[in-house]
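# A structural walkthrough
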Amino acid sequence: MMKTTNRFFTAIAVSALLISMPSFSQEDDRPDYVSVTTMYWNKDYNASMAEWKAAEKEYMEKVTKKNEHIMGSSYHTHLLTPNSNEIMYIQVYPTWEDIDKAAARSAELEKEAWPDADARKTFLEKMNSAYASYHSDEIYATLPGAKQPKGEMSKDMILYMRTNKMAYPEDGNNKEYDELNKKYIENVINKNDLIIGYWPGVHGWGHDKRDFIEFFMIDSLGDLDKMFEKNSELSKAAFTEEESKAFGKYFRSHGDAVYTSIKL
């Protein structure tokens, strides 16, 4: 796989992503990449949600959390997305090299967790039977400006995913964008108490190099409109009309999706 970058982000800087992630107090501790796998429920899967959660939690405790090449992982199910069968699975990696190493390490940990080959095969086949054979993957390079939740997730939460399509204005430059984006993070994201967590990322590997994603974690679906209203209020207070116009020229359009972040 070839790493590509958006020309308006001169450094592939890093930030933490996801609810199960620990907080990072220093820039050097942040992971580099996030993989987003979109899967779909198997129509013939007949286990309960509690049974699905139990199997995934067991695997996460015995394998994923022990894999030194994976810094965090989480599941997010459809709430307001194009397909009600969607399940979004996210993993966070320290470096690009760890993406390749993670799969081999997980296979080793599976053998340690279930030494008996037949028992291991039975467990994995049952767990994987929840999903249809088709899935898609995207890898994002994380960016600075993350807002970390205070404490661990204690219940299912709401994850709002905004996929921005970047524009490439002829009168744009890195310095202007960086200054405006920093001002937005400091005066909007960090001052909006409804935003429990925020993680930005840019296309690293996938189908569209224009992608600039933002994940917002909020407490409830009812807080979504309130978050938008507060963001608008804070933006108007922080930016002049000229600055808002300058910032907006870097974005062509965006798409929205809302997921339930699952507490395993």
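Criteria and cut-off values
- Residues numbered from 1 in each chain as written.
- Predicted model: local features only at pLDDT ≥ 70, side-chain atom pairs only at ≥ 80, totals over all residues.
- Heavy atoms only, no water.
- Axes fitted to C-alpha atoms, helices over the stretch in contact; angles between N-to-C directions.
- Helix = DSSP H or I, 4+ residues; strand = E, 2+ residues; numbered from the N terminus.
- Parallel < 35°, antiparallel > 145°, perpendicular 65-115°, else oblique.
- Left-handed = near helix turned anticlockwise from the far one by under 90°.
- Contact = heavy atoms within 4.5 Å.
- Nonpolar A, V, L, I, M, F, W, Y, C, P; charged D, E, K, R; others polar.
- pLDDT = per-residue confidence, 0-100.

Two numbers describe how helix α4 (residues 174-189) lies on helix α5 (residues 222-238): the axes approach to 9 Å, and their chain directions differ by 125°. In terms of orientation, α4 and α5 fall into the oblique class. Both α4 and α5 take part in a crossing whose hand is right-handed. On α5, the residues touching Lys 183, Tyr 184, Asn 187 and Val 188 of α4 are Asn 231, Leu 234, Ser 235 and Ala 238. Per-class residue counts for the contact of α4 with α5 are four nonpolar, three polar and one charged.

Another aspect to go through is the confidence of the model for the protein. Per-residue pLDDT for the protein has a mean of 89; in total, 89% of the residues score no lower than 70. Confidence over residues 1-27 falls short of pLDDT 50; this stretch has 94 contacts with residues more than four positions distant or in other chains.

Turning to the environment of Ala 141, a few remarks are in order. Structurally, Ala 141 is set in strand β4 (residues 136-142). Separated by 71 residues in sequence, Ala 141 and Phe 212 have C-alpha atoms that sit 9.6 Å apart.

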